[in-house]
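Chain by chain, the residues:
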Amino acid sequence: MSVSLALLGLLEREPSHGYDLKRDYDTFFGRGKPLPFGQVYATLARLARDGRVIAAEAEPGAGPDRKRYVITEQGVSDIETWLATPVDAEPHLQTVLFVKVVLALMSGRSAEAYLDAQRAAHMRRMRELAELKRTGTLVDALLADHGMFHLEADLRWIELTSARLGALAKVVTP
Amino acid sequence: MSTSSSSAGSDQPAAARVLEAREVSLSFGQTPALRGASMSVATGEILAVMGPSGSGKSTLLHCLAGILLPDTGEIRFAGRRIDYLGENVRTGMRRDRFGFVFQFGQLVPELSVEENIALPLLLKGTRRADAVSRARGWLERLDLAGLERRRCGELSGGQAQRVALARGLVTDPEVLFADEPTGSLDSLTGERVMDLLVVAAREQNTSVVLVTHDPRVAAYADREIMVRDGKVTSGELIP
């Protein structure tokens, strides 16, 4: 995800200090991977250079960040365009799962054993996310749901491919 | 991590296994449904039995529950073989020690919610007042308070499935068999039913055999096994 657009979107609510933006980014989007302060200020500097934000004069006081940032009309326009543009529905036609299955069949290894192991790994992650849903906040639950639906898609593909290994083997082996 | 078909679950200590299938085979006429399926369930464990349609997972559940008898192989419950017991003994065992939840609640539509929940207790010979009292204890736990007198034919799908869950657990069974318990529900309602099922089973230390083709439902279990072509092809062991 674009950190600069996320920060820009947070800034659209109201003029903010870098610290506030980092705090809100970490709360809503960080999910255990906090944004380094350096990246926050570098991103804001780039946005200011490109005319998406304006940095107000530094306010007096201690601490590293005394500048308040304000989004520009161009910044708002960028956010509008970004939000209105659907994310690419990635077809994933060259997934590592598929490559592993084909290479296993080509080399005479057990593609079924690989798919079983992959299914078990996916299910472990599903259980972790299900636990997060049970114990976490609504934000956690919705993000866990997103992950679970993607895992579910992989699992359905794993099932279908398991059932078609014989036919696939005929296609990819001499 | 994964295990072969013949050893799935066999590394568990014998005392921990409440239910076990050993090399179970069963055919319906010329059609094999199970072909040497082996697996086990630990006390208090929630086990998901997954697999494609027609793989044999529901047949395996019916064998484990003593509803069907295998042609060959063994079914053990609490350390004792049950596959050669007579129909009457198995019926009593199902009534007294097992609970069941199916995809379509299979409630009695003419009976009220509390009567449906109390039914297994009444069949066990519990006095009616006691049975209804225990049934009422489940209403609040499963978000059914206020519905006790409602006829089951008038319930929503989610309500009916929660009644079915209460009925399955009201006898405090050692094993709950759940066959696609959320299969007829939308995602959110299904999740609510699964949340309640897991909490109730954990509280009672009831083992659960959960047949499902849905990975999101299986994610509620402690581990899963895969049934394919009548065999258990993979399953993680409890760490």
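Values in this document were obtained by computation on a predicted structure and should not be read as measured data. (Residues numbered from 1 in each chain as written. Chains lettered and ligands numbered in written order. Predicted model: local features only at pLDDT ≥ 70, side-chain atom pairs only at ≥ 80, totals over all residues. Heavy atoms only, no water.)

> Pulling in residues and values, what's your account of the sheet that holds strand S3 (residues 68–71) of chain A?
Sheet strands pair via backbone hydrogen bonds, and the direction of the pair is either parallel or antiparallel. Residues and elements named next belong to chain A. Taken in spatial order, the 3 strands of this open sheet run S1-S3-S2, and their pairing is antiparallel. Two strands close off the open sheet at either side, each with one partner strand: strand S1 (16–17) and strand S2 (53–55). The pairing of S2 with S3 spans 3 bridges and is antiparallel. From the neighbouring strand, Val53 faces S3, where its bridge partner is Ile71. Helix H1 (residues 3–13) rests against S1, S2 and S3 of the sheet, and its axis sits at about 95° to S3. (Pairing = 2+ DSSP bridges. Helix = DSSP H or I, 4+ residues; strand = E, 2+ residues; numbered from the N terminus. Contact = heavy atoms within 4.5 Å. Axes fitted to C-alpha atoms, helices over the stretch in contact; angles between N-to-C directions.)

> I'd love a proper account of the nonpolar core, names of residues and values included.
Among the nonpolar cores identified, the biggest contains 62 residues, and Val101 and Leu105 of chain A together with Val113, Ile117, Val163 and Leu165 of chain B are the most heavily contacted of them. When residues in this core are grouped by element, the largest group, 7 residues, is from helix H6 (residues 111–135) of chain A. Aside from chain neighbours lying at most four places away, what touches Leu105 of chain A is Ala111, Leu165, Leu168, Ala169, Val172 and Thr173 of chain A. Ranked by size, the runner-up nonpolar core spans 30 residues in total, among them Val24, Leu60, Ala65 and Val232 of chain B. (Core = buried A, V, L, I, M, F, W, Y, C linked by side-chain atoms within 4.5 Å. Buried < 20%, exposed > 50% of the residue type's maximum accessible area, 1.4 Å probe, protein only.)

> Quick rundown of the confidence of the model for chain B? Include the residues and the values.
Residues and elements named next belong to chain B. Across chain B, the average pLDDT comes to 87, with 91% of residues at 70 or higher. Under a pLDDT of 50 for its full length, residues 1–10 has, in the predicted model, 27 contacts with residues more than four places off or in other chains. Taken together, the chains of this predicted complex give a pTM of 0.78 and an interface ipTM of 0.76. (pLDDT = per-residue confidence, 0-100.)

> Residue-level account of helix H6 (residues 187–204) of chain B, with values.
Residues and elements named next belong to chain B. In this model, H6 (18 residues) spans 26 Å end to end at C-alpha, consistent with the 26 Å of a helix rising 1.5 Å per residue. The complete set of buried residues in H6 reads Gly190, Glu191, Val193, Met194, Leu196, Leu197, Val198, Ala200 and Ala201. The N-terminus of H6 is capped by Asp186, whose side-chain oxygen sits 3.1 Å from the backbone nitrogen of Leu188. Just past H6, the residue Asn205 takes up positive phi, approximately 55°. (Expected span 1.5 Å × (residues − 1). Polar contact = N/O pair within 3.5 Å; in protein donor to acceptor, adjacent residues only side chain to side chain.)

> Break down the sheet that holds strand S4 (residues 72–77) of chain B for me, with residues and values.
Residues and elements named next belong to chain B. Across the sheet, 4 strands lie side by side as S2-S1-S4-S5; this open sheet has antiparallel pairing. Each having just a single partner strand, strand S2 (31–42) and strand S5 (80–81) make up the two edges of the open sheet. Sheet topology places S4 next to S5; 2 bridges connect them, and they run antiparallel. The partner of Phe77 across the bridge, within S5, is Arg80. Seen against the sheet, helix H1 (residues 57–64) touches strand S1 (17–28), S2 and S4 and runs at an angle of roughly 120° to S1.

> Provide a residue-level description of the pairing of strand S8 (residues 207–211) of chain B, including the pertinent values.
All names here are of chain B. Across the 5 residues that make up S8, a large majority, 5, are buried. By the alternation rule, side chains of S8 split into Ser207, Val209 and Val211 and Val208 and Leu210, which are all buried. In the sheet, strand S3 (residues 46–50) pairs with S8 via 4 bridges, with the strands oriented parallel. Directly across from Ala48, in S8, lies its bridge partner Leu210. Note that strand S7 (residues 175–179) and S8 share 5 bridges and pair parallel. Note that in S8 the partner of Ala178 across the bridge is Leu210. As for the winding sense of the linkage, the β-α-β connection from S7 through H6 to S8 is right-handed. (Right-handed = clockwise from strand over helix to strand, strands pointing away.)

> Just give me the short version of the environment of Val217 of chain B, but keep the residues and values in it.
Residue and element names in this part refer to chain B. Mapped onto the fold, Val217 is located in helix H7 (residues 215–218). In this structure, the C-alpha to C-alpha distance between Val217 and Ser58, residues 159 residues apart in sequence, is 16 Å. Setting aside residues up to four positions removed in sequence, Val217 forms contacts with Thr182, Met194, Leu210 and Thr212.

> Any details on the interface of chain B and chain A? Residues and values, ideally.
Taken together, the contacts link 20 residues of chain B with 19 residues of chain A. At the boundary of chain B with chain A, total buried surface from both sides reaches about 1,600 Å², with 54% on carbon and sulfur atoms. Between the two partners, chain B and chain A, sit 5 salt bridges. Put simply, Asp116 of chain A and Arg228 of chain B hold a salt bridge, and the shortest N to O gap is 3.8 Å. The tally of links between chain B and chain A comes to 5 residue pairs in polar contact (both at pLDDT 80 or more). (Buried area = accessible area lost by both parts, 1.4 Å probe. Salt bridge = Lys/Arg side-chain N within 4 Å of Asp/Glu carboxyl O.)

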